[in-house]
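One letter stands for each residue in the lines below.
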Amino acid sequence: MPSSLAKIQAEFQFALLDPERPVPAGVVGPGGMADARRFAIHRNTIMIGLVEALEQRFPVTRRLVGEEFFRAMARAYAAVNMPRSPLMMHYGDEIPAFVAVFAPARSVPYLADVAALELAWSRAYHAPEAVPLGTDTIRSVLPAALIRSTLTTHPSLHRLRSPYPIGSIWRMHQDETDVEALEDWVGEDLLVLRPHAEVTVHILPPGGHAFVGALAGGESIAAAADAAIEEDGRFDLGHSLIDLFRVGGVTRIEPGNENKGAT
Amino acid sequence: MPPRAGVGLKPVHYRTILDEGPDVGFFEIHAENYMGAGGPPHRYLEAIRSEYPISLHGVGLSIGSAAPLDRDHLMRLKDLVDRYQPGLFSEHLAWSSHSPVHMNDLLPLPYTEETLLHVARHVDEVQSALRCRVLLENPSTYVTFARSPIPEPDFLAALVRHTGCGLLLDVNNVYVSAINHGYDEFAYIDAIPVEHVGEVHLAGHSPSHDTAGRTLLIDTHGSAVSDNVWSLYAYALRRLGPVPTLIEWDNDVPPWEDLSAEAERAETYLRQARPRHGAEVGDAVVAG
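Quick caveat: nothing in here was measured; it's all calculated off a predicted structure. (Residues numbered from 1 in each chain as written. Chains lettered and ligands numbered in written order. Predicted model: local features only at pLDDT ≥ 70, side-chain atom pairs only at ≥ 80, totals over all residues. Heavy atoms only, no water.)

Draft legend 1. Representation of the pattern of salt bridges. Residues and elements named next belong to chain A. What the rule picks out here adds up to 28 salt bridges over all chains. Ionic pairing is found between Arg57 and Asp93, a salt bridge with its closest N-O pair at 2.9 Å. Residue Arg57 is located in helix 2 (residues 36-57), and its partner Asp93 is located in the loop between helix 4 (67-80) and helix 5 (95-100); the two are separated by 36 residues in the primary sequence. Its relative accessible area of 8% is what places Arg57 among the buried residues. Across the pair Arg161 and Asp189 runs a salt bridge whose closest N-O atoms are separated by 2.7 Å. (Salt bridge = Lys/Arg side-chain N within 4 Å of Asp/Glu carboxyl O. Helix = DSSP H or I, 4+ residues; strand = E, 2+ residues; numbered from the N terminus. Buried < 20%, exposed > 50% of the residue type's maximum accessible area, 1.4 Å probe, protein only.)

Draft legend 2. Focus on the interface of chain B and chain A. Facing the 50 residues of chain B at the interface are 43 residues of chain A. Taking both partners together, chain B and chain A bury about 4,100 Å²; carbon and sulfur atoms supply 60% of that area. For Asp35 of chain A, the salt bridge is made with Arg214 of chain B, and the minimal N-O distance between the two is 3.7 Å. On inspection of chain B and its partner chain A, the count reaches 22 residue pairs in polar contact (both at pLDDT 80 or more). The biggest single contributor to the side of chain B that touches chain A is strand 6 (residues 101-107) of chain B, with seven residues. Of the pairings in the sheet, the one linking strand 1 (residues 27-28) of chain A to strand 8 (residues 144-145) of chain B comprises two bridges and is antiparallel in character. Each residue of the ladder has a partner; that of Val27 of chain A, found in strand 8 of chain B, is Phe145 of chain B. (Contact = heavy atoms within 4.5 Å. Buried area = accessible area lost by both parts, 1.4 Å probe. Polar contact = N/O pair within 3.5 Å; in protein donor to acceptor, adjacent residues only side chain to side chain. Pairing = 2+ DSSP bridges.)

Draft legend 3. Representation of the sheet that holds strand 5 (residues 200-203) of chain A within the structure. Residue and element names in this part refer to chain A. Taken together, the three strands give an open sheet; going across it, the order is 3-4-5, and neighbouring strands pair in antiparallel fashion. For this open sheet the edge positions go to strand 3 (158-162) and strand 5, each flanked by a neighbour on one side alone. Averaged over all pairs of adjacent strands, the angle between strand axes in this sheet comes to 25°, irrespective of strand direction. Bridge analysis of strand 3 against strand 4 (residues 188-193) gives five bridges, and the strand direction is antiparallel. (Axes fitted to C-alpha atoms, helices over the stretch in contact; angles between N-to-C directions.)

Draft legend 4. Highlighting the domain arrangement of chain A. Residue and element names in this part refer to chain A. Split into domains, chain A comes out as domain 1 (1-108) and domain 2 (110-263). Between the C-alpha centres of domain 1 and domain 2 the distance comes to 36 Å. If you look at the interface, domain 1 gives 18 residues, while domain 2 gives 17 residues. Between domain 1 and domain 2, the buried area comes to about 1,600 Å², and carbon and sulfur atoms account for 67% of it. Three residues, Val60, Arg63 and Leu64, lead the burial of domain 1 against domain 2; their summed loss comes to 37% of the area buried on that side. At the junction of domain 1 and domain 2, the tally comes to two salt bridges. Of the charged contacts in the structure, one is a salt bridge between Arg63 and Glu176, with a shortest N-O distance of 3.3 Å. Our enumeration of links across domain 1 and domain 2 arrives at nine residue pairs in polar contact (both at pLDDT 80 or more). (Domains from an automatic or database assignment.)

Draft legend 5. Broad picture of the sheet that holds strand 13 (residues 245-248) of chain B. Residue and element names in this part refer to chain B. What the eight strands build is a closed barrel, ordered 1-2-3-4-7-9-10-13; its pairing is parallel. Across the sheet, the axes of successive neighbouring strands diverge by a mean angle of 30°, strand direction being ignored. By the bridge criterion, three bridges tie strand 4 (residues 88-92) to strand 7 (residues 135-137) in an arrangement that is parallel. Counted as the bridge partner of His92 is Glu137 from strand 7. In the packing of helix 8 (residues 227-240) onto the sheet, the strands contacted are strand 9 (166-170), strand 10 (197-203) and strand 13, and the crossing angle to strand 10 comes to about 170°.

Draft legend 6. How the structure looks around the packing of helix 10 (residues 208-216) of chain A against helix 12 (residues 237-246) of chain A. Residues and elements named next belong to chain A. It is at 11 Å that the axes of helix 10 and helix 12 come closest, and there the two elements cross at 60°. Here helix 12 runs oblique to helix 10, going by the angle between their axes. The hand of the helix 10/helix 12 crossing is right-handed. Residues Phe211, Val212 and Leu215 of helix 10 touch helix 12, and the partners they reach there are Leu237, Ser240, Leu241 and Leu244. Looking at the contact of helix 10 with helix 12, its residues break down into six nonpolar, one polar and no charged. (Parallel < 35°, antiparallel > 145°, perpendicular 65-115°, else oblique. Left-handed = near helix turned anticlockwise from the far one by under 90°. Nonpolar A, V, L, I, M, F, W, Y, C, P; charged D, E, K, R; others polar.)

Draft legend 7. Representation of the environment of Asn257 of chain A in the model. Summarising the element assignment, Asn257 of chain A is placed in the segment after strand 6 (250-254). C-alpha separation for the pair Asn257 of chain A and Ser122 of chain A, spaced 135 residues apart in sequence, amounts to 37 Å.

Draft legend 8. Geometry of the nonpolar core. In this structure, Phe27, Leu169 and Leu202 of chain B are the most contacted members of the largest nonpolar core, which totals 137 residues. When residues in this core are grouped by element, the largest group, eight residues, is from helix 6 (residues 111-126) of chain A. Taken domain by domain, this core gets at least three of its residues from each of domain 1 (1-108) and domain 2 (110-263) of chain A. The next biggest cluster of nonpolar side chains, apart from the first, holds 24 residues, and it includes Leu191, Phe211, Ala228 and Val250 of chain A. (Core = buried A, V, L, I, M, F, W, Y, C linked by side-chain atoms within 4.5 Å.)

Dropping the structure here:
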């Protein structure tokens, strides 16, 4: 049987989450009278806190649509996505999916993808620490073994793909200054990671998205290169591999076994 | 933990603190902001922890929930206590979660025997998991319950007796609740078992009104400490003696100079406070 405290809290929460409901019975102000404005303080505090958490996590998304629009969108999100955890740093994981189907945002078709970039940024920001390997590591592995090697990618590493130039848009909106129109309106593949103290965002070259994805999935460098070429014939293995080390995307290299995969 | 003034640690001040090394008694962190796996928050906190005492203030454990405590969250707190060795750990006499939703607000409790036994069980559980004393903070409230027969200071005193926990006396919360419910804030301070108060909080509030047009103060933490709260603090210190005192300023965070000026003002009061008879400096702290 639920305790009376459990019942009181269930009714309190039920009324908090539905502004149409009256103040729960037994919840009073001075003189023992229910007072809607007093109870509404809690509704407001909750909503303000959730909107602020989203504003902190999605600052560029907010800049792209303006404060008023973003706050209305955030309130609409919060109304159907209350937190399940006390960790506000993780609140808003479903924002990109929400923005993608939020009808009033349809005129900004790249908004959901920019939100996805900010989500990746925030996950990279809080990701575990790991020391990346330098490019000199590549030279320490014999070329024949290198191609069969597998890599451990940095725990903060995320890939994104968008039909819009979201990396360039994101970069141009880091502050409130006026921005010029982008010269090339083309899709971008991005790599987001935090190799040291700062989160960095890189635009991937052709085939890079498939290459990094295959490596992160445990494929050898040779197999990852095959996947990359299949995705885009312009893929350049040497450059892509060195770049991945240069941006701090690799924490471990496991030299390949000569016999592995041999028939 | 020194009986000095500290301030809430805010990311916008990380660089200033590390570059200038201001003379501040301690920094308080909201535990939930440091529960990520890694990254800049931990890097900055480690650097600041190596120079200053830290107090750990939880805002999300929901000790007053009728439901069982979130064990995962308790373990995350334990990891922080082990890693940063805070001089003080505090949480709220409030609830925030009713499964599965976390409401991200500190909600009021009816003060009954049932609630008392329930909260005491949770405090026991927290203290045994963290192996340190919890300071429970008095809440700021806007509504109360028709059936809430135990006065708040008595409820807090009973929790101290049942669990051996300490108290975090939030003087702004005392003032806000006293105005909101029409009781005497000085009598509230008189009723608090001062020998168990391990820390004081000071913060700003903002005025509003209820449906009946009565003044309603909102605990916003978004402005300087009001003169009425400074007066009540001075009154409390006459009973408490010098106690670690935190300036909380969580919204519309001001430039470092304004925040440290508030801490300096608290230090002025602390320097004038006479030690409570029989008290030893730092006796509220039982860690490890």
